[in-house]
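# Analysis of the macromolecular model
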Amino acid sequence: MEHFKDTVRHDATRVRQYILSFFKWTLIALITGGIGGGLGAGFRYAVNFVTGVRTENAWLCYLLPVGGVIIAFLYRVTKLSGHADTNLIINSVREEGRVPLRLAPVIFLSTVVTHLFGGSAGREGAALQLGGCIGSFIGRGVRLNEKDMHLAVMCGMSGLFSALFGTPLTASVFAMEVISVGIIYYSAFLPCLVSALTAFGVTLLCGLEPVGYQLPDIPALDVVTMLLVAVIGIAAAVVSIVFCITLEQLHKLAARFFKNEYLRVIVGGSVIALATLILGTRYNGVGSDVIHAAVTQGEALPYDFVLKILFTAVTIGFGYKGGEIIPTFFIGSTMGALLGGLIGLPAGFSAAIGMVALFCGVVNCPIASLILSVELFGSEGLLYFAIAVCLSYMLSGYYGLYSGQKIMYSKRRARYINRNAK
């Protein structure tokens, strides 16, 4: 009888712990998602506004070196130069370490400046850093322990990612999956999802629509189409490696030959300004119109993806801020549209396949990539996306956008390797 009572007391304690944990994380996630949604909405409006200003005043692209000096000054005066990037956020989840709150306004302003003057960058890098700052700040505010702080940072990441893209489930899984490839932090699922849904709801209240595309032509399921989709998946793996290597090497070369950050951004900005003078503004900024044309109409120039790789590598490598994921969408969609036309697939469908497959290749997140395909394009072609994603994931090796990302298990066999992405 005494044993029975002990068991009941033990079970009651466990139930109480689960209930308290549920309410604790739900509350933290609601606060994080609410703040993240408001900040993300403001960030989207700011980037959209300056993009519109730049589009109407193309001459601003020639002042990119001036914007670079502003960015370098912001990072120097706040003592964030050299280490404050998305890798800092990723490392803070896995290791002990604090995310400085001052990073939030600096990355916000720096990304807006980059887009105002035509740097080729996205905005998700800023989103992950902003989200990490918010999660870390709230976690410290409620005095979470070190392990719970890691979940709070992921919670912030998912909220801001959701606010910027309007893909709450992708945001949740991406935040859990990107930290350590091969290990998913399932304990973060509830806070990440609640935060992402809350942030998504806030952006809808602010009048911002989620990102989404209507695919004009999805082929019926057959073996030949599967094989052709596999070709795009393999090509995405190759291009993802090229993109990651180009980013890394240009960053190293810029740091080696231009040790002064002011000189570095001036040189990089001048290169982009000169390229813009020669090629026009097609490769400046986010390039959402090009992505839309590639996916919905199958339109892309043969050299679009190559030039976007170079524009983005120079922009990011020489010290401008933003992110690499939306440029990845540009590169993947234009590469897919081009390749689809060559091998006999509908170009718009191929653009969508290339876009998701390349995303997977550079972030090493196959589950988040599949969910992204559903949230962006619907579920009708899910099996085709799965084929391209699994090939891109495996054949892209251990390359990735974030050197702080850990590859915990081999992509070729069930073996623990614990190595950083290249």
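Higher on the page you've got the structure.
A brief look at the structure comes next.

Calculation notes
- Residues numbered from 1 in each chain as written.
- Predicted model: local features only at pLDDT ≥ 70, side-chain atom pairs only at ≥ 80, totals over all residues.
- Heavy atoms only, no water.
- Helix = DSSP H or I, 4+ residues; strand = E, 2+ residues; numbered from the N terminus.
- Rg over C-alpha atoms; globule rule 2.2 N^0.38 Å.
- Buried < 20%, exposed > 50% of the residue type's maximum accessible area, 1.4 Å probe, protein only.
- Contact = heavy atoms within 4.5 Å.
- Areas by Shrake-Rupley, 256 points an atom, 1.4 Å probe, with all protein chains shown as cover.
- Lys, Arg positive; Asp, Glu negative; His and termini not counted.
- Charge placed at Lys NZ, Arg CZ, Asp CG, Glu CD.
- 1 Å grid on protein atoms, 1.4 Å probe; cavity = no way out; pocket = protein on both sides within 12 Å on 5 of 7 lines; lining within 4 Å.
- Points joined across faces, edges and corners; volume = space filled by probe spheres on them.
- Nonpolar A, V, L, I, M, F, W, Y, C, P; charged D, E, K, R; others polar.
- Phe/Tyr/Trp six-rings, centres within 6.5 Å; stacked < 30°, edge-to-face > 60°.
- Lys NZ or Arg CZ within 6 Å of the ring centre and 35° of its normal.
- Axes fitted to C-alpha atoms, helices over the stretch in contact; angles between N-to-C directions.
- Left-handed = near helix turned anticlockwise from the far one by under 90°.
- Pairing = 2+ DSSP bridges.
- Salt bridge = Lys/Arg side-chain N within 4 Å of Asp/Glu carboxyl O.
- Expected span 1.5 Å × (residues − 1).

## Points about the overall build of the chain
A count of helices and strands for the chain gives 16 helices and three strands. Taking 422 residues into account, the globule formula puts the C-alpha radius of gyration at 22 Å, and the chain, at 22 Å, falls close to it. Over its C-alpha atoms, taken along the principal directions, the chain stretches across nearly 85 × 60 × 45 Å. Across the 422 residues of the chain, 56% fall into the buried class. Residue pairs at least 24 apart in sequence account for 77% of intrachain contacts in the chain once pairs closer than 6 positions are excluded. About 17,500 Å² of surface is accessible on the chain, with carbon and sulfur atoms providing 67% of the total. For the chain, the separation between the mean place of its 30 positive charges and that of its 22 negative charges on side chains is 11 Å.

## Considering the layout of surface pockets
The volume enclosed by the second largest pocket comes to roughly 520 Å³. Together, 27 residues line the second largest pocket, and T51, V286, G287, S288 and D289 are the ones closest to its centre. For the lining of the second largest pocket, the elements supplying multiple residues, two or more each, are helix 1 (2-56), helix 11 (288-297) and helix 13 (325-343). The element contributing the most residues to the lining of the second largest pocket is helix 1, with six residues. Taken together, the residues of the lining of the second largest pocket break down into twelve nonpolar, nine polar and six charged.

## Topic: the packing of aromatic side chains
Tallied over the entire structure, the rule returns 13 aromatic pairs. Centre to centre, the rings of F22 and F23 are 5.2 Å apart; their planes meet at 75°, and the pair counts as edge-to-face. Judged by its relative accessible area of 41%, F22 is partly exposed. Pairwise contacts between aromatic rings join F161, F165, F174, F329 and F359 into one cluster. Here the guanidinium or amino end of K308 rests over the ring plane of F330, the centre of that ring lying 4.9 Å away. Sitting over the ring of Y393, K411 keeps its end group 4.3 Å from the ring centre.

## Description of the packing of helix 14 (residues 347-363) against helix 16 (residues 382-395)
At a closest axis distance of 8 Å, the pairing of helix 14 and helix 16 adopts a crossing angle of 35°. Seen along the crossing, helix 14 lies across helix 16 with a hand that is right-handed. Here F349, A352, I353, V356, A357, L358, C360 and G361 of helix 14 come into contact with helix 16, specifically with Y384, F385, A388, V389, S392 and Y393. Taken together, the residues that form the contact of helix 14 with helix 16 break down as twelve nonpolar, two polar and no charged.

## Re the sheet that holds strand 1 (residues 180-181)
Spatially, three strands are ordered 1-2-3 in an open sheet, and the strand pairing comes out mixed. Two strands in the sheet have a free side with no partner beyond their single neighbour: strand 1 and strand 3 (416-420).

## Notes on the pattern of salt bridges
Inspection of the entire model under this criterion finds four salt bridges. Of the charged contacts in the structure, one is a salt bridge between R76 and E261, with a shortest N-O distance of 3.1 Å. Note that R76 is positioned in helix 2 (residues 64-77) and E261 in helix 10 (residues 261-279), a separation of 185 residues in sequence. We classify R76 as partly exposed; its relative accessible area is 40%. Residue class for E261 comes out buried when judged on its relative accessible area of 18%. The salt bridge partner of R282 is D304, with a shortest N-O separation of 2.8 Å. Of this pair, R282 sits in the loop between helix 10 and helix 11 while D304 sits in helix 12 (residues 304-317), and the two are 22 residues apart along the sequence. By relative accessible area, R282 is classed as partly exposed at 33%.

## What about helix 6 (residues 146-165)?
Taking 1.5 Å of rise per residue, the 20 residues of helix 6 would be expected to cover 28 Å, and the 29 Å separating its terminal C-alpha atoms lies within 8% of that figure. Most of helix 6 is tucked away: 18 of the 20 residues are buried. Where helix 6 ends, the next residue or the one after it, G166, has phi of about 70°, a positive value.

Read these as spatial facts, not as claims about activity.
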